[in-house]
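# Topology and contacts: notes
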Amino acid sequence: MYAFTYERPKSVDAAVKLLKKADDGKLLAGGQTLLPAMKLRLASPSTIVDLSGLKGLSGIKASSKAVTIGALTRHVEVMNSPHVQKAIPALAHLASLIGDPAVRNRGTIGGSLANNDPSADYPAAALGLGATIKTNKREIEADKFFKGLFETALAGDEIIESVSFPVPDKAGYEKFRSGLALCAGRSAYSSRKAKAALASR
Ligand SMILES: Cc1cc2nc3c(=O)[nH]c(=O)nc-3n(C[C@H](O)[C@H](O)[C@H](O)COP(=O)(O)OP(=O)(O)OC[C@H]3O[C@@H](n4cnc5c(N)ncnc54)[C@H](O)[C@@H]3O)c2cc1C
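Residues numbered from 1 in each chain as written. Predicted model: local features only at pLDDT ≥ 70, side-chain atom pairs only at ≥ 80, totals over all residues.

Now for the overall build of the protein. Counting secondary structure elements, the protein contains 10 helices and 10 strands. Each of the 201 residues in the protein was classed as buried or not, and the buried ones make up 31%. Relative to all contacts within the protein whose residues are 6 or more apart in sequence, the contacts with residues 24 or more apart total 60%. (Helix = DSSP H or I, 4+ residues; strand = E, 2+ residues; numbered from the N terminus. Buried ≥ 20, exposed ≤ 12 C-beta atoms within 10 Å, placed from the backbone. Contact = placed C-beta atoms within 7 Å.)

The local shell around the ligand holds 29 residues, among which G30, Q32, G99, G107 and G111 are the closest. Among the secondary structure elements, those contributing two or more residues to the shell around the ligand are β2 (25-28), α2 (34-39) and α7 (109-115). Of all the elements, α7 adds the most residues to the shell around the ligand, at 5 residues. Looking at the shell around the ligand residue by residue, the class counts come to 15 nonpolar, 11 polar and 3 charged. (Near = placed C-beta within 6 Å. Nonpolar A, V, L, I, M, F, W, Y, C, P; charged D, E, K, R; others polar.)

With that settled, consider the nonpolar core. Counting 41 residues, the largest nonpolar core has A15, L51, L91, L113, A126, I133 and V163 as its most contacted members. Excluding its chain neighbours within four sequence positions, the residues that come into contact with V163 are I69, I109, L113, A126, A131 and I133. (Core = buried A, V, L, I, M, F, W, Y, C linked by C-beta atoms within 7 Å.)

Before going further, it helps to spend a moment on the sheet that holds strand β3 (residues 47-50). A sheet is described by the order of its strands in space; here 3 strands give the open sequence β1-β3-β2, paired in parallel fashion. Each end of this open sheet is capped by a strand with a single partner; those strands are β1 (5-7) and β2. On average, each strand axis in the sheet is inclined to that of its neighbour by 25 degrees, with strand direction left out of account. As defined by bridge partners, β1 adjoins β3 across 3 bridges and the pair is classed as parallel. Across the sheet, E7 pairs through a bridge with V49, a residue of β3. (Pairing = 2+ DSSP bridges. Axes fitted to C-alpha atoms, helices over the stretch in contact; angles between N-to-C directions.)

Right, let's talk about the sheet that holds strand β5 (residues 66-70) for a bit. In space, the 5 strands of this open sheet follow the order β4-β5-β10-β6-β7, with antiparallel pairing throughout. Here the strands that pair on one side only, and so sit at the sheet edges, are β4 (60-62) and β7 (139-141). The average undirected angle you get between the axes of adjacent strands in this sheet is 20 degrees. Here β5 runs beside strand β10 (residues 160-166); their pairing, made up of 5 bridges, is antiparallel. When the sheet's bridge partners are listed, I69 is paired in β10 with V163.

Within the secondary structure, N80 sits in helix α3 (residues 75-80). With 15 C-beta atoms counted inside 10 Å, the residue N80 sits in the partly exposed group. Each C-alpha atom of the pair N80 and A95 lies 8.9 Å from the other, and the pair is 15 residues apart in sequence.

This part covers helix α8 (residues 122-129). Among the residues of α8, Y122, P123, A125, A126 and L129 are the ones counted as buried. The buried side chains of α8 occupy one side of the element, clustering within an arc of 160 degrees when seen end-on. Against the buried residues of α8 lie α5 (89-96), α7, α9 (142-145), β8 (146-148) and β10. With its phi angle positive at about 70 degrees, G130 sits one or two positions after the end of α8. (Arc of directions from axis to C-beta.)

With that settled, consider unusual backbone geometry. Its identity is not glycine, yet R41 carries a phi of approximately 65 degrees, on the positive side. By the element assignment, R41 lies in the loop between α2 and β3. Among the residues examined, R41 registers 9 C-beta atoms within 10 Å and is labelled exposed.

None of this, on its own, says anything about what the molecule does.
As structure tokens, then:
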């Protein structure tokens, strides 16, 4: 690690002020993506603005029409929520498939949406279910929120507060879980090619 300033504001407004003041400020939620990126020197923020002191950005509310999930809600909470299990079981199932218990206990839905990793689960669900992302500035439809690989419509001083999923008549989520198998497949293919190349010499 290298030197950076650590801040833990108590309100969204204070967090925004800190972001604006910093040369290169980054919000910290569950840290499951940001901290590995910092360790690998893929990110080197001057200031870390830890969101864990903010009240009201966590928790799940459900009505007959929508399930609204606070940005700091952890994957394990979505997975275990009776509201989500009843209204959108596919979303609870999706959360249960994210990473491992350590990741599910720390990672947050807001962090996952903001990061927009093309292999992440929540962005696909937000698009598929027609979710709306609420920030400190506006409400953004999922279709307009995700701009490209690791890119979103968020401004530098914009914070996701919650995401609202309309309750669908039916939904399903299945994950392509063969990352390792793909690698294995590729190595088997490469080694077959290598053997064939050697045999032809
Ligand atoms: C081993 C491992 C396995 C994983 N497997 C999966 C998987 O199977 N599926 C999957 O979907 N994900 C997976 N992840 C990623 C995981 O879900 C992360 O939790 C998630 O991508 C980021 O959430 P976070 O709360 O940890 O965010 P952080 O790492 O704290 O932040 C990530 C980014 O989002 C920004 N950010 C965070 N919160 C907000 C907010 N409220 N508003 C605006 N910006 C914000 C941060 O500034 C940062 O740029 C995995 C991670 C690890 C380490």
